[in-house]
Amino acid sequence: MFERLRTLHTAVKDRSIFDLFQRDVSRAEQFSIDTDNLRFDFSKTQIDEDILQELGAFCKARKLDVMRENLFSGALINETEGRAALHTALRNLDGDPVYCDGQDVMPEVLATLERMQAFAKSVRSGAITGPGGGFLDVVNIGIGGSDLGPAMAALALTPYQNGPRCHFVSNIDGAHITDTLHHLDPRRTLVIVASKSFTTVEAIMNAKAARDWVLAGGGDPAAQFVALSTAVDKTREFGIPSERVFGFSDWVGGRYSIWGPIGLSLMIGIGCEDFNAFLLGGQAMDRHFRTTAWSENMPVMLALTGLWHHQICGYPTRAVIPYEQRLSRLPAYLQQLEMESNGKSIAMDGSDLTEPSGPIVWGEPGTNAQHAFFQLIHQGTIVVPCEFLVGALGHEKDLKSHHQLLVANCLAQSEALMRGRSADETRILLQEPRLSAVDLERQVRHRVFEGNRPSTTLIYPKLTPYVLGQIIALYEHRVFVEGALLGLNSYDQWGVELGKTMATSLVPVVAGEIPATGKDGSTAGLVDYVLKHRDV
C-alpha cells in the first residue's frame, strides 16, 4: 500500500496546489469535512481524488474499522501492557455500557464523576475551606499527562474561569514550585497531587515541598491536599484522607486522562456545567469518529493527511499553529499526545517497523510564530506542513478588530504558503530605477517565495468548553488512526522509562555520596563539574 501511495506522490509532487483550485472550483468543498460546526479543510495539499481513494483502500486493507471498534469496546489494544484504552468511557455521559474484562466500567466512571462534581461544588461555594477560609487558589502538581492536559485546558478556557485560580507545577526544578507558591496564601490554597501510582518522583518531591510550605505557613495538609491516584495506602501515608482521593483505572493512559479525575483542577476552575460541556464535546467527536464513513470522517482524514505528508512525502515534522493565544499550550500537549504515542520503532508483533513512525510535532501560536520561525517555513529548504487552528469569533467583544486581523493573518499564511510569489511578480514589486539589472535580479531571488507548501485548517465557531472537547478528542483519534495504520502500539511509552531509571541511580552520585564508578568519561566529567561548583 505504501508503495502505491509513493508512486502517486512521485507523479504529483511537482504540480501546483494552487492550480488544482484553478482547475476545480469546488475543490475546497470536496476536500473539507464538516461535523457539528467544525470544519477541517485539507484542500491546500497535494491530495486529490485518486490519492484519497488509495488512502481509503489503505484503511480497508488494514481493517481500521475492526480496530476502531476494538478501541471503543474495551479490547486489550495496549498489548504490551495487557490493557484496554478506554479514555472514551470517561466522556460517555449517556452511561451506555462499556465493557472491559466482561465488566461494565460505566457505573464506576459515573460515580467518580459525581464525587468530583460534589467536591468541586463544595470548594467553589466555600463549603470546603482551608484554615484561612475559602480557597483562593488551586495548585495541581503532576507531570506529563497529569500536567499538560489540565494546564493546557485551563488556559484555553480562561474566559470560563470563575472559581479559584488554577496553577500548575510539573518540573522538578525547584524554581517551578517556588515561583508558583511565592504569591499564594498557604492557608487558602488547595493542592492537588496527580500521580496514579503516587510514586512519580517529580510529583511526590514537589508535593512534599508544597506540604512543607503549607505547614510553615500555618496551614493544614489534611484539609488542603487532594490526591488523584489509585494508591490509597500511599496517599494515606502522605496524610491525605481517603475521601479526598479520586482514583482511575489502568485503562486510562496519562496523556488521555484530562476527561476524568486528572481534570479536577479544571472542573474547580470553570465549574461543573462547563466541564460537562467539555466532556460532551469529546463525546460528540467520539460518535462522529465511530459512525462516519472514512471519506467524511474528520479524525481519519486528519490522520491520513498526516500520514501522506510524513510517511509518503517524507516531511519530517509538522507545525501546529493555533491562531488563538489561549491555545498556546496546545502544541506542547500534542507533542506528548503524538510523539509519546507514536514515537516507536517496533511494530505490534515485535518486528522492526519498515516505515517511519510519528513525525516531530512542534509549534507556537500565530501571529507570534510569523515573527519567529515562519521565515524557515516559507523560504527554508525543508518543507514543513502546517496545521492551522482558528476560531471565527473571539471572546473579546470590545476588541473585535483584533480578532478580524488575527483571522486574516491565519488565512493569509495558508494562502501564501500555497501560492508563493514568482520572480515576475517580485520584479514588478521591485521597480526601482536606482537598481542595476544585476542588483535587481539578486534582490528578486531573495524575495521569491517558492510556494506549493501544504497546510490544513481546522476552523471552529468560538473556543468554548464544548469546542475544546471536540478538538482534543479529534487529535486523540487521529493518533489512534495513525498508529493503527502503521501497526504500532500507541498506548505504551517504554521510551520514557530508561532515563528515569538511570536518573534514580545517579542521584547519590550527583550528591557526592558515592563515586561515579563505571560511568563514561563524559558523565563522570559532568558530575565532577557539579561537585566542584555545588558550594559556590
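Note that the coordinates shown come from a computational prediction; the quantities given were computed from them, not determined experimentally. (Residues numbered from 1 in each chain as written. Predicted model: local features only at pLDDT ≥ 70, side-chain atom pairs only at ≥ 80, totals over all residues. Heavy atoms only, no water.)

What follows is about helix H7 (residues 145-156). Across its 12 residues, H7 extends 16 Å between first and last C-alpha, which sits within 8% of the 16 Å expected from 1.5 Å per residue. Within H7, 11 of the 12 residues are buried, which leaves the element mostly enclosed by the surrounding structure. For H7, every residue scored as buried is listed here: Gly145, Ser146, Asp147, Leu148, Gly149, Pro150, Ala151, Met152, Ala153, Ala154 and Ala156. Buried residues belonging to H7 abut strand S7 (137-141), strand S8 (165-169), strand S9 (189-194), helix H12 (264-270), helix H15 (330-342) and helix H20 (465-486). (Helix = DSSP H or I, 4+ residues; strand = E, 2+ residues; numbered from the N terminus. Expected span 1.5 Å × (residues − 1). Buried < 20%, exposed > 50% of the residue type's maximum accessible area, 1.4 Å probe, protein only. Contact = heavy atoms within 4.5 Å.)

What follows deals with helix H5 (residues 64-73). Listing the buried residues of H5 in full gives Leu64, Arg68, Leu71 and Phe72. Buried residues of H5, viewed axially, fall in a sector of 90°; they line one side. Looking at the buried residues of H5, the elements they touch are helix H4 (49-61), helix H13 (272-291), helix H14 (298-312) and H20. Note on H5: the residue one or two positions beyond its end, Gly74, has a positive phi of about 90°. (Arc of directions from axis to C-beta.)

Counting residues in each nonpolar core, the largest one holds 112 residues, and the members touching the most others are Trp251 and Leu468. Excluding residues within four positions of it along the chain, Trp251 makes contact with Ala84, Ala85, Leu86, His87, Ala89, Leu90, Cys100, Val105 and Val109. Listed in part, the 21 residues of the second largest apolar core include Val139, Phe198, Ile204 and Phe238. (Core = buried A, V, L, I, M, F, W, Y, C linked by side-chain atoms within 4.5 Å.)

Our next topic: the pattern of salt bridges. Applying the stated criterion across every chain, the model contains 28 salt bridges. Between Arg165 and Asp137 there is a salt bridge; the shortest N-O distance is 2.7 Å. Placement of Arg165 in strand S8 and of Asp137 in strand S7 is noted, with a sequence separation of 28 residues between them. Judged by relative accessible area, which is 2%, Asp137 ranks as buried. Asp492 is the salt-bridge partner of Lys344, the closest N and O atoms lying 2.8 Å from each other. In this pair, Lys344 is assigned in the loop between H15 and strand S13 (360-362) and Asp492 in the loop between H20 and helix H21 (497-510), connecting sequence segments 148 residues apart. Of the two residues, Lys344 and Asp492, both sit in the buried class. Linked by salt bridges that have partners in common, Arg318, Glu338, Glu387, Arg478 and Glu482 make up one network. (Salt bridge = Lys/Arg side-chain N within 4 Å of Asp/Glu carboxyl O.)

Time to look at the sheet that holds strand S15 (residues 455-460). Pairing is mixed in the open sheet, where 6 strands are placed in the order S1-S2-S15-S14-S12-S13. Lying at the two open borders of the sheet, with one neighbouring strand each, are strand S1 (32-35) and S13. Going across the sheet, the axis of each strand differs from the next one's by a mean of 15°, ignoring polarity. Pairing analysis gives 4 bridges linking S1 to strand S2 (residues 38-41), with the strands arranged antiparallel. Within S2, the position partnered with Thr35 by the bridge is Leu38. Along the sheet, H14 makes contact with S1, S2, strand S12 (317-323), strand S14 (386-391) and S15, crossing S2 at roughly 25°. (Pairing = 2+ DSSP bridges. Axes fitted to C-alpha atoms, helices over the stretch in contact; angles between N-to-C directions.)

Below, the discussion takes up the pairing of S2. Here S1 hands over to S2 after 2 residues, with Asp36 in that stretch at a positive phi of 55°. Pairing geometry for S2 and S15, over 3 bridges, is antiparallel. Across the sheet, Phe40 pairs through a bridge with Leu458, a residue of S15.

Pairing is parallel across the open sheet formed by 5 strands, whose spatial order is S8-S7-S9-S10-S11. The two strands at the open ends of the sheet, each matched to only one other strand, are S8 and strand S11 (245-246). Across 5 bridges, S7 lies against S9 in parallel orientation. Following the sheet pairing, Val139 is matched in S9 by Val191. Taken strand by strand, helix H9 (residues 201-216) contacts S7, S8, S9 and strand S10 (225-228), and its axis lies near 160° from that of S9.

As for its placement among the helices and strands, Leu136 is situated in the loop between strand S6 (133-134) and S7. Expressed as a C-alpha distance, the spacing of Leu136 and Gly495, which sit 359 residues apart in the sequence, is 39 Å. When near neighbours in sequence (up to four residues on either side) are disregarded, Leu136 contacts Pro164, Arg165 and Arg188.

Going from Gly366 to Thr367, the amide bond is cis rather than trans, its omega being 10°. Within the fold, Thr367 resides in the loop between S13 and helix H16 (374-379). In this structure, Asp36 takes a positive phi of about 55° despite not being glycine. Mapped onto the fold, Asp36 is located in the loop between S1 and S2. Despite not being glycine, Asp101 has its phi angle at roughly 55°, a positive value. With respect to the helices and strands, Asp101 occurs in the loop between strand S3 (99-100) and strand S4 (103-104).

Describing two packed helices takes the angle between their axes plus the distance from one axis to the other. Between H7 and H15, the shortest axis-to-axis distance is 9 Å and the interhelical angle comes to 145°. Crossing of H7 over H15 shows left-handed handedness. Only Leu330, Ala332, Tyr333 and Gln336 of H15 make contact with H7, whose side of the interface consists of Gly145, Leu148, Gly149 and Met152. Looking at the contact of H7 with H15 residue by residue, the class counts come to 5 nonpolar, 3 polar and no charged. (Left-handed = near helix turned anticlockwise from the far one by under 90°. Nonpolar A, V, L, I, M, F, W, Y, C, P; charged D, E, K, R; others polar.)

So, about the side chain of Ser43. Structurally, the position occupied by Ser43 is in the loop between S2 and H4. Of note is the side chain of Ser43, whose polar atom sits 2.5 Å from the side chain of Asp41. Those residues within four positions of Ser43 in sequence are excluded, and the remaining contacts are Ile17, Phe21, Arg27, Ala28 and Phe31. (Polar contact = N/O pair within 3.5 Å; in protein donor to acceptor, adjacent residues only side chain to side chain.)

This part takes up the environment of Asp274. Of note, Asp274 is situated in helix H13. Taking the C-alpha atoms as reference, Asp274 lies 9.5 Å from Leu157; in sequence the two are 117 residues apart. In this structure Asp274 touches Tyr160 and Pro465, once residues within four positions along its chain are discounted.

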